[in-house]
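The lines below spell out each chain.
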Amino acid sequence: MAALAGRTGSAVAWAEPGHLPRDTHSEILRGAALVWKRLPSGWTEGPFLGNGFLAAHVYHVGGQGNQLRFMINHNHVQDQRGQWEAAIGYSRLGVGYFTLTFAGTITGVDWRLDIENAELSGTVTTTQGSVRFAALILNHRDVMLVSTEPSPGEDGVAWAFVPLPSSTTRQQRRPPDYTANPDPAVAPGHVEQPMHAGGGYTTAWKEVRHGGRRLLAATIAYGYPDSTGRERAIETVDKALRHSPDVHVALHRAWWQRFYRRSLVSVPDKRLQSFYWIQLYKLACCTRDNAPVAPVFGPWFPERGNNWTQIWWNTNVQVTYPVANGANHPELDAITPAFRRYHHNLEGNIWPELRDGQTYALCHPGDWQLRSGPRYVGKPGINPNDHTGNLIWALHNTWVTYRHHMADEVLREVIHPVLAKAVTYYARFLTEGADGKLHLPETRSPELANAADCTYDLSLLRWGAATLLQSAGRLRLADPRARQWADIVARLVPYHENENGVMIGAGVPFAESHRHFSHLLWLYPLQEKLERRTFEHWASMQSRWHGYSYAAAASMETLFGNAEQALWHLKFFVDGNIQDNCQLTPNTMYREGTGFAIESPISAAQSLLDMLTQSHGGVVKVFPAVSAGWAEASVERVRTQGAFVFDASRRAGRTDWIRIRSEAGEPLALRHGIEGEIEVTDERGRRLPYRGEGTITIPLRKGQSAVVSRKGVRPDRPRDVPAQGTAQPWGLP
C-alpha cells in the first residue's frame, strides 16, 4: 500500500519507501507484511506499532460503525503508590485512545502493516467515500504520526482523544481503600493526568493540514514525582510538526533496516517464516536495552484491561527475551540493564527481617525498577510461595545473553554479584539431612504444588551455585563464599523421582496436566542433563497446556534431536489451535481466556531458532533438528554462545556449508552435521587445522573465521529458500 505522498513527501505526508534496496532481507520482510481486508475488532486482531516506549494498537469497536480507535500507551506510565503490592501500587495505567470518526459507516478496509519499515498504511472505505492513511511511531522519538487524505464526502473526518480512567484494572487482592487517580485536566490539544503519588502523564497532539491532506502528531510524556510531563509533551509535538516529516521518517526507516539485517532466517514454511520475523518486529516494538522490561501484554494496554498489570517474573519475562540472543539483537536486552541499574531494589523483595545487605530475591509481579511493594518472596518452610526462584531464573537469561557476547564486564558487574546474593537467599534455608545431603524446606513449584526439595528450586539453586564457581574462576576472584557454593554443588539433594521420572518434589508426583514446565527446568532451559522419561510424562497430558507450553515442548524436543515432534508442537500452537481456552490470535498476539499476553508467540520464535541452532555446553550445533520435510534452510549472522556468529546453508535435505566467525576467541567445538568428507578453510580458501569428525574443534582467534563445507562446495549468499506450498499472510486477509 503506497504512502500518501507518493514518491515525494510534503509538510503533512512522507515519501513511500520505494528507494530502499530490494535485497534478500527486503524480499523476506515484504512477504511477512500483515494484511487486513476485514475490520479488526480489538487487541487480538488489530495492527500494532511501537518503539520500545510509545505504542499503539488500531481497531474498531462494535456498535461504532463510523469510527476507528488508535489505542496508545507508554512503557513508563505506571502508578507510584508503593504502599500496595506492585500489581496495584505500581500498576501499569491505561492512557487513552484517539478516535478517527468518519462521515459515513465503514464498509471496508485494505491495510498493510509493513514490518520492514514499521509502518501501517491503507484505505478505509465508507458509505460516504474513503480515507487513505499512513501511520507509524518514530523509532527515535516518542511520536506517533498519522497522515490522512480523505476523498470528497469524507472531508469532515476528525480526530478526538478519549482518556482512560487512571486506575489499576487488577481486581485480585485490590485493597478496600484503593482509589483511582484524580480526573484529568482536559484542554485543547492535550490531556494532563495527575497521580495521587505526585507527577503524572500528559497526552498531547496536534493536526496540521495542507490542501486535502492532514498530519496528526501525538505523544505521551510521563513525569514523577514533580512533573506531569505537560510542557515536554506539547514541545515534542510542536517539534515533530516544525518541518516536513520526511527527515524523521528517513531516520525511522534506517533504524529498522539496520535492525533486520543483523541476522537472517529462512525456511520453506513461509507462514512460519513470516511468523518468526513478525515476532522480531513485535519484540523491537515493545522493548529496548534502555527501556523497561516488557510487562505481560507489552506496551499495548488492553482497553478492557486485565489482572496482569505489571511484569511477571515467574515465566513471562524469562520466555520472552531469549530469541534476541540467537537473532543477534543485544539492543533488545532489557533484563541485564534492569539488574545493573536497579539491583539495589531487590532487597526490598524479601521480608524485612531477612534483609542483611547480602541477600536478594525477586517477587512477581514487580515493576521495571524491580520493586514489588509490600509483597515478598516466601520463606521456605515458613510461608512458601512460587516466587523463590524468580531471580535466579531471570539471571539465567542474563547469563545466556552474556554467553552470546562474552562481555566479561557484565559477568563481573552484574551477574556474579547479583547471583551471589540470590543464592544466599536459598542457602540460608538449607538443612543437612540424615543422608548427609542438603535439603530445601517446602517451597512452591510455580502454579503447580508445594513440596519440600522442590525440583524447580533445586535446579535453579544447583545452576546458580555452579555458575558462581565458574564465573569466579573466569574472573579470577578469590570469593570467600566459594566454599559454600562448592558445598551446594557437591551435596545438594538429587531430584526426587518415581516411575514417571522427576517429580515436583519430595512425595509430590506430577499427576495432572499443567501449562507450567517448572519441574522440567533442569531440562530446558538450564540443560543440566538429557532425560526423556520426565518430559514424556509431562507431554502425555496436554489438556491444560497453554501457548508457551507448546513452545517449550518444541524446544525440548530439539534437544533430543526429534525434529518432527518439535515441529508438530510448534505448528499446533502457531496454526491457532485452541487449547484450554488459549489461542494465538490473527495478528500473532495471544490470549488466555479473556487475558492478553505476548510471551507465548515470541517464545515460539525461539523454538524455531532451536531447530536451526543450539550452543549450550560449549558445542555449536548447526541445523540440529530440522524437519525432513524442509529440504532447504538458510541462516545468516545467527549468534551463539561463545560469541560466535555463523551463516549456513541447507539444500536437498543436507547441510552444504557453514561460515563461522569468532568474536571473542573462545574455544570452538562445532557439530556441523555435514555428511561425507569435509573441508575446513579460512575465507580465502586456505586450509585450517581441526580435530574430530562429527563434532570438530577449530582453533580460531578473535575476529577469525572458518568455512566448513562438503568437499568441493563453496559458500554462496544467504537466501530466501523456496516456499513449501502457499502461505496466507497474517492479519485478517
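Up top is the structure.
Predicted model only: the values in this text are computed from it and were never measured. (Residues numbered from 1 in each chain as written. Predicted model: local features only at pLDDT ≥ 70, side-chain atom pairs only at ≥ 80, totals over all residues. Heavy atoms only, no water.)

(A) Quick look at the overall build of the protein. Looking only at helices and strands, the protein features 16 helices and 35 strands. C-alpha extents for the protein along the principal axes are approximately 80 × 70 × 45 Å. Counting every position in the protein, which comprises 733 residues, the buried fraction comes to 64%. When the accessible surface of the protein is summed, it comes to about 25,500 Å², and 49% of that surface belongs to carbon and sulfur atoms. Seen as two clouds, the 76 positive and the 71 negative side-chain charges of the protein have centres 4 Å apart. (Helix = DSSP H or I, 4+ residues; strand = E, 2+ residues; numbered from the N terminus. Buried < 20%, exposed > 50% of the residue type's maximum accessible area, 1.4 Å probe, protein only. Areas by Shrake-Rupley, 256 points an atom, 1.4 Å probe, with all protein chains shown as cover. Lys, Arg positive; Asp, Glu negative; His and termini not counted. Charge placed at Lys NZ, Arg CZ, Asp CG, Glu CD.)

(B) Just helix H8 (residues 335-342), in detail. Most of H8 sits out of view: 6 of its 8 residues are buried. Within the span of H8, buried status applies to Ile335, Thr336, Pro337, Ala338, Phe339 and Tyr342. Looking at the buried side of H8, the elements it contacts are helix H6 (316-320), helix H9 (390-405) and helix H10 (408-427). (Contact = heavy atoms within 4.5 Å.)

(C) Representation of the nonpolar core in the model. Counting residues in hydrophobic clusters, the biggest one holds 201 residues, and the most contacted among them are Met144 and Phe339. For Phe339, the contacting residues outside a window of four places in its chain are Trp313, Leu346, Leu362, Leu370, Leu391, Ala394, Leu395, Thr398 and Val414. Counting 16 residues, the second largest nonpolar core, distinct from the first, contains Trp14, Leu136, Leu145 and Ala204. (Core = buried A, V, L, I, M, F, W, Y, C linked by side-chain atoms within 4.5 Å.)

(D) Examining the sheet that holds strand S23 (residues 590-592) more closely. A sheet is described by the order of its strands in space; here 3 strands give the open sequence S22-S23-S24, paired in antiparallel fashion. Across the chains shown, the open sheet's two edge strands, defined by having one partner strand only, are strand S22 (582-584) and strand S24 (595-597). Neighbour-to-neighbour, the strand axes of the sheet open up by a mean angle of 20 degrees, direction not taken into account. (Pairing = 2+ DSSP bridges. Axes fitted to C-alpha atoms, helices over the stretch in contact; angles between N-to-C directions.)

(E) Looking closely at the environment of Ala605. Locating Ala605 in the fold gives a position in helix H16 (residues 599-612). Assessed through its relative accessible area of 1%, Ala605 is described here as buried. Residues Ala605 and Arg444 lie 161 residues apart in sequence; the distance between their C-alpha atoms is 29 Å. Those residues in contact with Ala605 that lie beyond four places of it in its chain are Phe275, Tyr276, Gln279 and Val323.

(F) Layout of the side chain of Thr681. With respect to the element layout, Thr681 can be found in strand S31 (residues 678-681). Overall, Thr681 belongs to the buried group, its relative accessible area being 10%. Excluding residues within four positions of it along the chain, Thr681 makes contact with Arg686, Arg687, Leu688, Ser705, Ala706 and Val707.

(G) Local environment of the side chain of Thr443. Here Thr443 lies in strand S18 (residues 443-445). A polar contact of 2.5 Å, which involves the side chain of Thr443, links it to the side chain of Asp457. Non-local contacts of Thr443, meaning those with residues more than four positions away in its chain, are made with Pro380, Pro384, Thr388, Ala449, Asn450, Ala451, Cys454 and Asp457. (Polar contact = N/O pair within 3.5 Å; in protein donor to acceptor, adjacent residues only side chain to side chain.)

(H) Expanded view of the sheet that holds strand S14 (residues 213-223). The 10 strands are arranged S11-S12-S13-S14-S9-S8-S7-S6-S1-S35 in an open sheet whose pairing can be described as mixed. Of all the strands in the sheet, just strand S11 (185-187) and strand S35 (731-732) have a single pairing partner and so form its edges.

(I) Unusual backbone geometry, seen in detail. The residue after His364, namely Pro365, is reached through a cis peptide bond having omega -5 degrees. Looking at the secondary structure, you find Pro365 in the loop between H8 and H9. Positive phi is not limited to glycine here, since Arg637 has a value of about 55 degrees. Mapped onto the fold, Arg637 is located in strand S27 (residues 633-640). When its relative accessible area of 29% is taken as the criterion, Arg637 is described as partly exposed. In this structure, Ala643 takes a positive phi of about 60 degrees despite not being glycine. The exposure class of Ala643 is buried, given its relative accessible area of 0%.

(J) View of the pairing of strand S4 (residues 67-74). Where burial is concerned, most of S4 is hidden: 8 out of the 8 residues are buried. Burial of the side chains of S4 extends over both faces: Gln67, Arg69, Met71 and Asn73 are buried on one face and Leu68, Phe70, Ile72 and His74 on the other. Note that strand S3 (residues 54-59) and S4 share 6 bridges and pair antiparallel. Its bridge partner lying in S4, Leu54 is registered against His74. In terms of strand pairing, S4 meets strand S5 (residues 96-101) through 6 bridges, oriented antiparallel. Across the sheet, the residue bridging to Ile72 is Gly96, located in S5.

(K) Structural context of the pattern of salt bridges. Taken as a whole, this structure holds 47 salt bridges when the rule is applied. In this structure, the salt-bridge partner of Arg651 is Asp716, at a minimum N-O distance of 2.6 Å. Placement of the pair is Arg651 in strand S28 (residues 644-651) and Asp716 in the loop between strand S34 (705-710) and S35, with a sequence separation of 65 residues. One salt bridge in this structure joins Glu679 and Arg714, with 3.0 Å as the shortest N-O distance. One end of the pair, Glu679, is in strand S31; the other, Arg714, is in the loop between S34 and S35, and 35 residues separate them in sequence. By relative accessible area, which is 9% here, Glu679 ends up buried. According to the relative accessible area criterion, Arg714 is exposed, its value standing at 54%. In the salt-bridge network here, residues are joined through shared partners; they are Asp23, Arg30, Glu116 and Arg261. (Salt bridge = Lys/Arg side-chain N within 4 Å of Asp/Glu carboxyl O.)

(L) Summary view of the packing of helix H1 (residues 24-31) against helix H5 (residues 270-286). Two numbers describe how H1 lies on H5: the axes approach to 9 Å, and their chain directions differ by 100 degrees. By the angle between their directions, the pair H1 and H5 is classed as roughly perpendicular. Seen from H1, the contacting residues are His25, Ile28, Leu29 and Gly31; seen from H5, they are Gln273, Ser274 and Trp277. By residue class, the composition of the contact of H1 with H5 is 3 nonpolar, 4 polar and no charged. (Parallel < 35°, antiparallel > 145°, perpendicular 65-115°, else oblique. Nonpolar A, V, L, I, M, F, W, Y, C, P; charged D, E, K, R; others polar.)

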